[in-house]
Amino acid sequence: MVKGNVLVIGNSGVGKSTLINAVLGKDAEKKAVTGKGIRGTTLDLEIYENEGISFRLIDTIGFEPGFFKELKAINAVKKWSKESTKAGKEDSRINVIWFCVDGTSSKLFPEAIDSMMNATNLWKNVPIVVVITKSYSEPEREDNKQMIRDAFAARKKYVDRLNDIIPVVAEPYTLREGIYAPPEGITELIELTNRLLPEGFKAAEQDVKNYNLLRKRALSQTVVSVATLAGITVGGVTLPFADAMILTPTETLEIESIAKIWDIKKNDQSKALLDTIVDVGTVGAAGKLLAGSLKSIPVINVGAAVVNAFIAGSIVFALGEGASYIFEQIYMGKKSLSDVEWVKNILEEKMTKSILEDITKALKNLPENADKKQILDLILKVFGKRK
């Protein structure tokens with residue numbers, strides 16, 4: 001049986017460990033240790049499961065008062081989440097979240113929701129169930145539910161994430177002599193979670209795809225920035241800057257690095273595509289256009305070396321941005337390695353005459369003796385807006 005994973009999260013002392021024990025029962029492979037006091041008992045994330053239940057429970061460090069203690073709890077969940085995105089870790093992805101709220105406190109601050117969402121921000125589509133623990137008083141349950149709805153409503157961007165609210169009593173609790181609150185809500189919570197798992201599996205898969213997509217974009221941007229700085233260096237020391245051919249080694253490494261990030265396998269077809277991209281950015285019409293633009297730009301208060309460096313960096317940046325977009329479309333299955341004409345069109349679109357206008361305007365804001373970092377910052381600022 002393929003098991004789902006439920007992340008159990010909440011403030012320290014809210015009753016997460018007691019809830020886990022109640023859900024898994026005596027046949028659990030590992031029992032959560034319960035305890036009292038503000039510090040709680042779970043020092044790191046732990047997995048608990050029962051062969052007869054279709055999901056595992058992942059117990060988190062409880063949120064505790066104090067910035068650094070709360071940050072530790074948040075980072076523990078984030079670390080787990082990030083690890084679960086790696087190949088071979090598919091069975092550790094989060095499919096449902098139980099956000100535990102103490103039913104005896106009658107308070108839920110929106111900031112608590114912020115902390116929970118911060119910790120689980122990788123799982124943007126996974127269903128959330130608020131579990132009201134220690135829900136001993138039946139008359140107070142509706143008030144507590146409304147409190148939770150109001151708290152989520154105060155954070156409008158999260159309100160749609162709330163799937164359901166389940167009050168529970170995890171173990172018998174003596175209210176006064178001869179009167180006790182019996183266990184309640186456990187079977188309802190299990191049944192609801194089972195119903196949510198199919199949605200949770202799909203959501204987790206999509207969340208991981210989205211996460212990996214964002215990571216690849218970020219890594220690509222880093223490569224483009226580093227390559228742009230290299231292009232600035234080459235352009236600034238090479239006089240005269242006759243054409244873009246001098247940038248070929250820099251651009252080739254840039255394109256190969258971006259292709260690797262987007263899992264473009266090395267073969268004859270991918271090599272041909274990479275050669276096409278570099279060709280367009282150097283000896284092709286787009287590369288020649290930008291390189292030749294040096295003569296058409298009036299140099300007023302900016303030295304020729306600075307202009308050369310700026311244009312060289314701009315060419316490398318534009319080519320890297322174009323390549324990143326191309327490889328992303330291939331990675332997502334929207335295009336293939338054989339779509340050479342489409343690739344040429346995209347690059348020519350990224351490296352058009354309109355860039356010359358931006359270069360001319362940008363140079364007016366560049367200090368006369370601008371260093372490489374200042375040039376890079378201006379390129380990122382000006383051309384980053386063109387996406």
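Below or above, wherever it landed, is the structure these notes cover.

Reading the values: the criteria
- Residues numbered from 1 in each chain as written.
- Predicted model: local features only at pLDDT ≥ 70, side-chain atom pairs only at ≥ 80, totals over all residues.
- Heavy atoms only, no water.
- Helix = DSSP H or I, 4+ residues; strand = E, 2+ residues; numbered from the N terminus.
- Buried < 20%, exposed > 50% of the residue type's maximum accessible area, 1.4 Å probe, protein only.
- Contact = heavy atoms within 4.5 Å.
- Areas by Shrake-Rupley, 256 points an atom, 1.4 Å probe, with all protein chains shown as cover.
- Polar contact = N/O pair within 3.5 Å; in protein donor to acceptor, adjacent residues only side chain to side chain.
- Pairing = 2+ DSSP bridges.
- Axes fitted to C-alpha atoms, helices over the stretch in contact; angles between N-to-C directions.
- Phe/Tyr/Trp six-rings, centres within 6.5 Å; stacked < 30°, edge-to-face > 60°.
- Parallel < 35°, antiparallel > 145°, perpendicular 65-115°, else oblique.
- Nonpolar A, V, L, I, M, F, W, Y, C, P; charged D, E, K, R; others polar.
- Expected span 1.5 Å × (residues − 1).
- Patch = residues over 30% accessible without salt bridge, like charges linked within 9 Å, V, L, I, M, F, W, Y side chains within 5 Å.
- Salt bridge = Lys/Arg side-chain N within 4 Å of Asp/Glu carboxyl O.
- Left-handed = near helix turned anticlockwise from the far one by under 90°.

Looking only at helices and strands, the chain has twelve helices and eight strands in total. Taking all 387 residues of the chain together, 49% fall into the buried category. Long-range contacts, defined as pairs at least 24 residues apart, comprise 75% of the intrachain contacts of the chain with a sequence gap of at least 6. Accessible surface, the chain: about 19,600 Å² in total, of which carbon and sulfur atoms supply 53%.

Here D59 is to be found in strand 3 (residues 55–59). The class for D59 is buried, based on a relative accessible area of 0%. One polar contact links D59 to K16, side chain to side chain, over a distance of 3.3 Å.

Here we come to the sheet that holds strand 5 (residues 128–133). One open sheet accounts for six strands, arranged 2-3-1-4-5-6; its pairing is mixed. Here the strands that pair on one side only, and so sit at the sheet edges, are strand 2 (46–48) and strand 6 (162–167). When the angles between neighbouring strand axes are averaged without regard to direction, this sheet yields 25 degrees. Pairing geometry for strand 1 (residues 4–10) and strand 4 (residues 96–102), over five bridges, is parallel. Looking across to strand 4, one finds that L7 is bridged to I97.

Each aromatic ring pair is summarised here by two numbers: the centre-to-centre distance and the angle between the ring planes. If you walk through the whole model with that rule in mind, you get three aromatic pairs. With a centroid separation of 6.0 Å and 75 degrees between ring planes, the pair formed by F55 and W98 is classed as edge-to-face. Here the residue F55 occupies a position in strand 3, and W98 occupies one in strand 4, the gap between them amounting to 43 residues. With a centroid separation of 5.4 Å and an interplanar angle of 65 degrees, the aromatic rings of W262 and Y331 are classed as edge-to-face. Here Y331 lies in helix 9 (residues 304–331) and W262 lies in the loop between helix 6 (248–261) and helix 7 (268–281), a separation of 69 residues in the sequence. Here Y331 falls in the partly exposed class, since its relative accessible area comes to 32%.

Working note: a packed helix pair is described by the angle between its axes plus the distance between those axes. The N-to-C vectors of helix 1 (residues 16–24) and helix 5 (residues 186–237) enclose an angle of 80 degrees; their axes lie 10 Å apart at closest approach. Between helix 1 and helix 5, the crossing angle belongs to the class labelled roughly perpendicular. Contacts between helix 1 and helix 5 involve L19, A22 and V23 on the former and, on the latter, I186, L189 and I190. Among the residues making up the contact of helix 1 with helix 5, the classes are represented as six nonpolar, no polar and no charged.

Spanning 14 residues, helix 6 covers 20 Å between terminal C-alpha atoms, matching the ideal 20 Å at 1.5 Å per step. Immediately downstream of helix 6, the backbone of D263 shows phi near 60 degrees, a positive value.

Where nonpolar side chains cluster on the molecular surface, the patch consists of F67, F68 and L71 and spans about 370 Å² of accessible area. Structurally, L71 is set in helix 2 (residues 67–83). We classify L71 as partly exposed; its relative accessible area is 33%.

Here we take up unusual backbone geometry. In the Ramachandran plot, K134 falls in the positive-phi region, its phi being about 55 degrees despite a non-glycine side chain. Relative to the helices and strands, K134 is located in the loop between strand 5 and helix 4 (138–153). Judged by relative accessible area, which is 26%, K134 ranks as partly exposed. If you check the backbone angles, D263 has positive phi at about 60 degrees while not being a glycine. Inspection of the secondary structure puts D263 in the loop between helix 6 and helix 7.

Orientation of helix 9 relative to helix 10 (residues 340–350), taken along the N-to-C sense of each, is 145 degrees, at an axis distance of 9 Å. Considering only the axes of helix 9 and helix 10, their crossing is right-handed. For the pair helix 9 and helix 10, contact is made by A318, L319, E321, G322, A323, Y325, I326 and Q329 and by W342, V343, I346, L347 and K350, respectively. The class makeup of the residues in the contact of helix 9 with helix 10 is nine nonpolar, two polar and two charged.

Time to look at the pattern of salt bridges. Summed over all chains, the structure comprises 14 salt bridges. A salt bridge links K86 to E83, with the nearest nitrogen and oxygen atoms 2.9 Å apart. For E83, a relative accessible area of 32% gives the class partly exposed. Across the pair R155 and E111 runs a salt bridge, and its minimum N-O distance is 4.0 Å. Of this pair, R155 sits in the loop between helix 4 and strand 6 while E111 sits in helix 3 (residues 110–119), placing them 44 residues apart in sequence. Here R155 falls in the partly exposed class, since its relative accessible area comes to 22%.

Nothing here speaks to function; it is geometry throughout.
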